[in-house]
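Structure assessment
In case you want the letters, here they are:
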Amino acid sequence: MGSSIITIVIALIVFGVVVLIHELGHFLTAKACGITVNEFSIGMGPRLFGFSKNGTDYSVRLLPIGGYVMMEGENEESDEQGSFQKAAVWKRILVTVAGAVMNLVLGFVILMGVVLSQQAILSRTVGEFYPDAATERQGLQVGDTILAVNGRRCFIANDISYEFARTQNATVDLTVLRDGKRVQLEDVVFDTQTQDGVSYMVLDFKVYPLEKTVGNVLAEAGRWTLSYARMVALSLTDVVTGRVPVNNLSGPVGIVQVIGEATGMGWQPLMLLVALITVNLGVFNLLPIPALDGGRLVFLILEAIRRKPIPQKYEIAVNAAGFVFLIGLVLFATFNDVTRLLPA
């Protein structure tokens, strides 16, 4: 019981910080662009306390799950000075993407801390093979730097394992850098092991470590952030294309469960999960789905192209439909989570 309460508390803190950072991006950018922010709230639900300063009501609310920014004229017609709709379109675009950018920045900062705490930074250059390695027999050599697997660039060492795991026939095409030249190794079959009827990939080589300099730490954190962003996009693509069953979608309950598992493994796995969650939120929010920042961004880009805004009533109607869709998606994912928790 005690561990469950700790897990819930940690999950609330994680969700709260990630969402709060997102809203802080909107808030700071709106202020910088001269857009009136009527309220900046920490938390949701009933108001506990707060204060007003420079036209903005700062409040703390009961439920510690993120927060929100309420801008003048954001979701209704307004002729007031400082209205969101009256700001230049490029300013509104900046405000719209700022939340996602802040999530990506938070992910980068967290990953930089994780990289700093590691004993070494793993490269993508093969250092040695295990005995009787299948990949060595098929042309991979010590000193090869793996650039891509199945045509997808590998940003970090973990991408190699991730791409190997995604293949469905234990066969990959490798693009490597060998003696300064790009070499293509096609149809490389790697070893697998079967346990309880499930096949597992076996990575049969090790990679060289990199010196932990300031430049390498910053570069690795940046590459890791890009890797996480692409992982989110690939996961969504897998669900849409049917590669991964839609029943595998996970919602808040599933995320809390994973947070609990990561917490039990130590602070590094937990921080990696938090980084993935915040990068996930940043990427997902930029998808062109109504009610998300990406949906609003589409309307703003159309406005910039047409040099005339789309009537706000249409945007509000589309966003309302998108909101209903997102709520349905969350409920479906939560149903999946609960179903998985029930005994078979």
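Residues numbered from 1 in each chain as written. Predicted model: local features only at pLDDT ≥ 70, side-chain atom pairs only at ≥ 80, totals over all residues. Heavy atoms only, no water.

Further remarks concern the UniProt feature "transmembrane region" (unreviewed entry) in the protein chain. Under the UniProt annotation, "transmembrane region" (unreviewed entry) lies at residues 6-25, 93-116, 267-287 and 316-335. Helix and strand shares over residues 93-116 are 100% and 0% respectively, and the end C-alpha atoms of the span are 34 Å apart. Along residues 267-287 one finds 90% helix and 0% strand; the C-alpha atoms at either end are 30 Å apart. (UniProt positions renumbered as here; feature names shortened; annotations may be inferred. Helix = DSSP H or I, 4+ residues; strand = E, 2+ residues; numbered from the N terminus.)

One non-glycine residue, Asn54, lies in the positive phi region at around 50°. Position of Asn54 relative to the elements: it lies in the loop between β1 (37-53) and β2 (56-71). Within the chain, Asn150 stands out as a residue other than glycine whose phi angle is a positive 55°. Inspection of the secondary structure puts Asn150 in the loop between β4 (145-149) and β5 (152-153).

Mapped onto the secondary structure, Gly264 falls in helix α6 (residues 252-265). Judged by relative accessible area, Gly264 falls into the exposed class, the value being 69%. Taking C-alpha positions, Gly264 is 9.4 Å from Thr7, a pair spaced 257 residues apart along the chain. (Buried < 20%, exposed > 50% of the residue type's maximum accessible area, 1.4 Å probe, protein only.)

Core analysis: the biggest nonpolar cluster contains 25 residues, and Val14, Leu111, Trp224, Tyr228 and Val274 have the highest contact counts within it. The element that contributes the greatest number of residues to this core is helix α7 (residues 267-285), accounting for seven residues. Look past the residues within four positions of Trp224 in its chain and what remains in contact with it is Leu111, Val114, Val115, Gln118, Ile156, Asn158 and Leu272. The next biggest cluster of nonpolar side chains, apart from the first, holds 17 residues, and it includes Ala133, Leu185, Val188 and Phe205. (Core = buried A, V, L, I, M, F, W, Y, C linked by side-chain atoms within 4.5 Å. Contact = heavy atoms within 4.5 Å.)

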